[in-house]
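# Structure at a glance
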Amino acid sequence: MAARAAGGCSSAALAFFGFRPLRRGLRSAAACPWGESYHYGGCRSRLAHSLVDSVLDELRSRRLRRVQVSAKLGLQGTKELSDNKIDKRALQKGLLLEFQKDSERSLLAVVERPDGKKNWMVTDQNGILSSIKPQQVTYVVPGVMNFDSSRIDEFLEKAQDLLDPTVLECAWMELSEKDKSITVEEFAEIVYGNKESLESYCAHFLLSRDIVYFVKVESRDYSMYQPRSPPQVEELLRRKLAKEEAEKELEEFVHLLKSAKALPMESKPPKSSWLVDDKVRQKIEALQAYAVDACDDEQRRSAGNILKAMGFTRTSSAALKLLINVGYFPVHVNLDLFKYDVRISYTEEVLSAAEELLVDRPDSDMRIRKDLSSLKVYAIDVDEADELDDALSATRLPDGRIKVWIHVADATCLIKPRSIMDREAMHRGTSIFLPTATLPMFPERLAMGAMSLQQGKQCKSVSVSVILHPDGSIAEYTLENSIIKPTYMLTYESATELLYMNLEEEEELRILQEAASIRAQWRRTQGSIDTAMIEPRIKVSNPDDPEPNINLYVEDQANPAMQLVSEMMILCGEAVAAFGADNNLPLPYRGHPQSNTAVSAFSHLPDGPARSFANISVLRAAEMDFQKPVPHGVLGIPGYVQFTSPIRRYVDLLAHYQVKAVLRGDSPPYSAGDLEGMTFIASMHVKVARRLHSNSLRYWLLEYLRRQPKGRKYKALILKFVKDRMAVLLLVEVGMQVTTTVLRGKVGDEVSVAVETAHPRDDILSIREVIEDTDDTEE
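Scope of this entry: the structure provided in the associated data block.

Criteria and thresholds
- Residue numbers run consecutively from 1 along every chain, following the written order of its sequence.
- In keeping with the model being predicted, local features are shown solely for residues with a pLDDT of at least 70 and side-chain atom pairs are shown and tallied solely at 80 or more, while totals for entire chains, interfaces and linings include all residues.
- Side-chain descriptors were evaluated using all non-hydrogen atoms of the structure, hydrogens and water having been removed beforehand.
- Counting from the N terminus, the helices are DSSP H or I runs at least four residues long and the strands are E runs at least two residues long.
- Any residue under 20% of the maximum accessible area for its type is buried, any over 50% is exposed, and the rest in between are partly exposed; the area is computed with a 1.4 Å probe on protein chains only.
- When checking whether two residues touch, look at their non-hydrogen atoms; a contact exists if any pair is within 4.5 Å.
- Per-residue accessibility takes into account occlusion by the displayed protein chains alone, with areas from the Shrake-Rupley method and a 1.4 Å probe.
- Should a side-chain nitrogen of Lys or Arg be within 4 Å of a carboxyl oxygen of Asp or Glu, the pair is scored as a salt bridge.
- How far a helix is expected to stretch is found by multiplying one less than its residue total by 1.5 Å.
- What the arc describes is the spread of directions from the helix axis to the C-beta atoms.
- The criterion for an aromatic pair is that two Phe, Tyr or Trp rings (for Trp, the six-membered ring) have centres within 6.5 Å, with stacked assigned to planes under 30 degrees apart, edge-to-face to planes over 60 apart and tilted to the rest.
- Take the buried Ala, Val, Leu, Ile, Met, Phe, Trp, Tyr and Cys residues and link them wherever side-chain atoms come within 4.5 Å; each set so joined is a nonpolar core.
- Two strands qualify as a pair provided that DSSP identifies no fewer than 2 bridges between them.
- Here an angle of 0 to 180 degrees is reported between the N-to-C directions of two axes, which are lines fitted to C-alpha atoms, with helices fitted over the stretch in contact.
- Each angle is binned into one of four classes, with values under 35 degrees roughly parallel, values over 145 roughly antiparallel, values of 65 to 115 roughly perpendicular, and all other values oblique.
- In a left-handed crossing the near helix is turned counterclockwise from the far helix by less than a right angle, and in a right-handed crossing that turn is clockwise.
- The residue classification treats Ala, Val, Leu, Ile, Met, Phe, Trp, Tyr, Cys and Pro as nonpolar and Asp, Glu, Lys and Arg as charged. All others, Gly included, are polar.

## With respect to the overall build of the protein
Across its full length, the protein holds 22 helices and 27 strands. Classification of the 779 residues of the protein by burial places 48% in the buried group. For the protein, the proportion of contacts with a sequence separation of at least 24, taken over those separated by at least 6, is 67%. Of the roughly 37,900 Å² of accessible surface on the protein, a fraction of 49% belongs to carbon and sulfur atoms.

Shown next as structure tokens:
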């Protein structure tokens, strides 16, 4: 082991030793300072070991005599000055010394004069005059008095010829066998043949910076250097080589970064090219983790070194900027996807399972499906909806009552409880809707193909039919497996237009609107709370471009078509809860206690966003029960189960499993305890999805505002005063809530504002009120 560690003793080092005799009196007798009888790792000796011992003994005897003489004369020798035990009395003008400038640098300097009681003024090798403490002194060069600071460069230049670090290895091989400690003075005498100022400084330089062969130990009177054991040297050499290799890899990686950074945006290397080589991939992933504040200690160290080498500050924003500059990230990268470790893709196992479902999909409920394909069916959703999972029908019965159907895509005809696909959906919890993309709960070919309702095609569904009393309450309900054939796929805008046109041939749509109206009126009598707001929706068509297209839509939830759909979804949830209660069926029942603040408390506010905002602000926390329905005070209904989105919400899928089992006459697959556990798992992922949606929406709203002409005025509604005149406002044309100071107006009033600053990446938005000029000033 020691031989392997010493095997690197270079020919330069051997020659170095060969021409630097051990003692002046032995120069003619020795070409190398070691004994001829010894061969170690390629470094051959020509002198006996006893010779080295005698040299060390002689040197120590001389030092002892010198110290004794100095003590009698009351003087301090140069050896005492070269030890670390430096105090005020040891320093004097003209001494050449080394001192610690900072944690990474040591400099040579000449002592000039005292500075106060303890410090000294010195002129360093760069010609800079500074004050140092005695504790900063690491070495006093012996035998030098009245040294001229202008000669430091000359001294250092001469030292360079003697600073061959490989001599440490040869010295260690000899001294480790005897476990001999050595002083700087002794090391200089053995290696260079004398211990004059230059040679002693070089010995100190080599020993003090050595991290492999020797370790510094303190004696009572002076410092010593002890050779490390062979196992220690081997381990330290291994670490040193690993460090050198890491430094080389870092240098090469930094070169790659700088080359990519210098290229124009359209010529940057693709992201995939950074992931081919494992070592490059690890470093780029360390930067990525650092950028989102989600790195382990090793990644933090690696990223910090990279940023330092690139001349960047060690911050997450600097790492992000670097990754964008080299083309690894697009300018508008969504960091939350990495921060929350979102499942963007599917495993091969899941994709394979999805393909099997598409090939072989027998319908176990076919014998009990009711054919409702003759009904006119309206599917109404946002224009970019990919997962279509609910649709509506309506008719007027001979007795004048209204019957409506809420048709929900039958996802469970493909997905079975506890299957691979079911577990995947549970651990996603929901589809994630971002301005830049949709991340479906199921693979696309299932979610947007086989599962979804499709216009003009026969589709499997679970249809909830409800007959309403004239006051809007439920008279009768039925849940059944069905076949439907969607007639229209409408956006909210086109459905609203049809409603306004009041076409005779669209009587079913008018009946649906009537049903929605009487339902809303009935729920109000039951204490429902209006929470309809103005909400923004953004679609970014080319998010990887530096300047992508942003399409902003502002949705008024009081829109007739949105209100119609919302009422029917609530009606469906109430009917499913009633079905669960009548069949003693465990379901994820949702409830919401009535607020302690009466709805009438906000009746003075204008109808619309201001009143809805006030209502929302006093809502109590929602609650769930898995055995029986609980009242939903906000909706004003006795029970509620989410049922209309089994393709995009896992909890809805759970409700379908339970309901479908009862319709088949089977036992439900899950107990109340099972449902509670799975709902808890899914809800954790739902919270992340909501945060992702909210953060991404805000980012793109800020980017939209950043691009608007400077000074553009926006209409804003005062929603609430936070403190004094600091108000929460709603930007009507944007659908976004902001905060700023307003000088006039009350809650519900409209004011004008302008955007001063919008920085999406830093999440900074500054708004100021714009005071309109008036002509009401007196003459």
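On we go from here.
## Section: the pattern of salt bridges
Under the counting rule described, the total for this entry stands at 43 salt bridges. E112 is the partner of K93 in a salt bridge, and the nearest nitrogen-oxygen pair spans 3.7 Å. With K93 in the loop between α4 (78-82) and β3 (96-100) and E112 in strand β4 (residues 106-115), this residue pair connects regions lying 19 residues apart in the sequence. What makes K93 exposed here is its relative accessible area of 52%. E112 sits in the partly exposed class, given a relative accessible area of 21%. In this structure, R369 and D363 form a salt bridge, with 2.5 Å as the shortest nitrogen-oxygen distance. Exposure class is identical for R369 and D363. Each is buried. Beyond isolated ion pairs, a larger network of salt bridges with shared partners links D363, D365, R369, D410, K660, R664 and D666.

## Things to note about helix α14 (residues 348-359)
Over its 12 residues, α14 runs 17 Å from end to end, which matches the ideal 16 Å to within 8%, given 1.5 Å per residue. Restricting attention to buried positions, one finds in α14 the residues V350, A353, A354, L357 and L358. In an axial view of α14, the angular spread of the buried residues amounts to 140 degrees, which keeps them on one side of the axis. Turned more than 90 degrees from where α14 packs its buried face, E348, E349, E356 and V359 sit exposed. Those residues of α14 that are buried are in contact with α15 (420-426) and α16 (444-450).

## What to know about the packing of aromatic side chains
Taken as a whole, this structure holds 11 aromatic pairs when the rule is applied. An angle of 55 degrees between the planes, with centres 6.1 Å apart, marks the rings of Y201 and F205 as tilted. Placement of the pair is Y201 and F205 together in helix α8 (residues 197-209), with a separation of 4 residues, close to one helical turn. Aromatic side chains Y699 and W700 sit 5.3 Å apart centroid to centroid with 80 degrees between the ring planes, which places their arrangement in the edge-to-face category.

## Structural notes on the environment of Y670
Inspection of the secondary structure puts Y670 in the loop between α21 (650-664) and α22 (672-707). On the basis of relative accessible area, Y670 is assigned to the buried category, the value being 3%. Sequence-wise, Y670 and L654 are 16 residues apart; in three dimensions their C-alpha atoms are separated by 8.6 Å. Excluding residues within four positions of it along the chain, Y670 makes contact with P417, R418, D422, P586, L654, Y657, Q658, L675 and M678.

## Looking at the nonpolar core
Within the largest apolar cluster, 43 residues are counted, with the highest numbers of intra-cluster contacts made by V404, I406, L512, L564, M568, V576 and F643. Sort the elements by how many residues they give to this core and helix α19 (residues 560-582) lands first, with 12 residues. Counting 40 residues, the second-largest nonpolar core is a separate cluster that includes V110, L156, A159 and L206.

## Here's the deal with the sheet that holds strand β5 (residues 119-124)
Pairing is antiparallel across the open sheet formed by 5 strands, whose spatial order is β6-β5-β4-β3-β7. Each edge of the open sheet is held by one strand with a lone partner, namely β6 (129-132) and β7 (137-140). The average angle at which neighbouring strand axes cross in this sheet is 45 degrees, direction not considered. Two elements, β3 and β7, share 3 bridges in a ladder whose sense is antiparallel. Its bridge partner being in β7, E98 is matched across the sheet by Y139.

## Here's the deal with helix α20 (residues 609-617)
For α20, the full list of buried residues reads P609, A610, S612, F613, A614 and N615. Where α20 is buried, its residues touch β19 (534-540), β23 (713-723), β24 (726-731) and β25 (736-741).

## Things to note about the sheet that holds β24
With antiparallel pairing, 5 strands are arranged side by side in an open sheet as β25-β24-β23-β26-β27. A strand with exactly one partner marks an edge of an open sheet, and here the two such strands are β25 and β27 (764-769). This sheet shows a mean twist of 45 degrees between the axes of neighbouring strands, independent of strand direction. As judged from the 6 bridges shared by β24 and β25, these two strands associate in the antiparallel manner. Looking at β25, one finds that L730 is bridged to Q737. Contacts from α20 reach β23, β24 and β25, with the element oriented near 30 degrees to β23.

## Details of the packing of helix α5 (residues 152-160) against α8
Close contact between α5 and α8 brings their axes to 10 Å; oriented N to C, the two are set at 65 degrees. Taken together, the axis directions place α5 and α8 in an arrangement best described as roughly perpendicular. The two elements α5 and α8 meet at a crossing, and its hand is right-handed. Along its contact with α5, which presents F155, L156, K158 and A159, the element α8 presents S197, L198, Y201 and C202. A breakdown of the residues in the contact of α5 with α8 according to their chemical character gives 6 nonpolar, 1 polar and 1 charged.

## Overview of the packing of helix α10 (residues 278-291) against helix α11 (residues 297-309)
Contact geometry for α10 and α11: axes closest at 8 Å, N-to-C directions at 100 degrees. As far as their axial angle goes, α11 and α10 are roughly perpendicular. Within the contact between the two elements, α10 uses K283, E285, A286, L287, A289 and Y290 and α11 uses Q299, R300, S302, A303, I306 and L307. For the contact of α10 with α11, the per-class residue count stands at 7 nonpolar, 2 polar and 3 charged.

## A word on unusual backbone geometry
One non-glycine residue, N502, lies in positive phi territory at about 55 degrees. Within the fold, N502 resides in the loop between α17 (492-501) and α18 (507-525). One non-glycine residue, D724, lies in positive phi territory at about 50 degrees. Relative to the assigned elements, D724 resides in the loop between β23 and β24.

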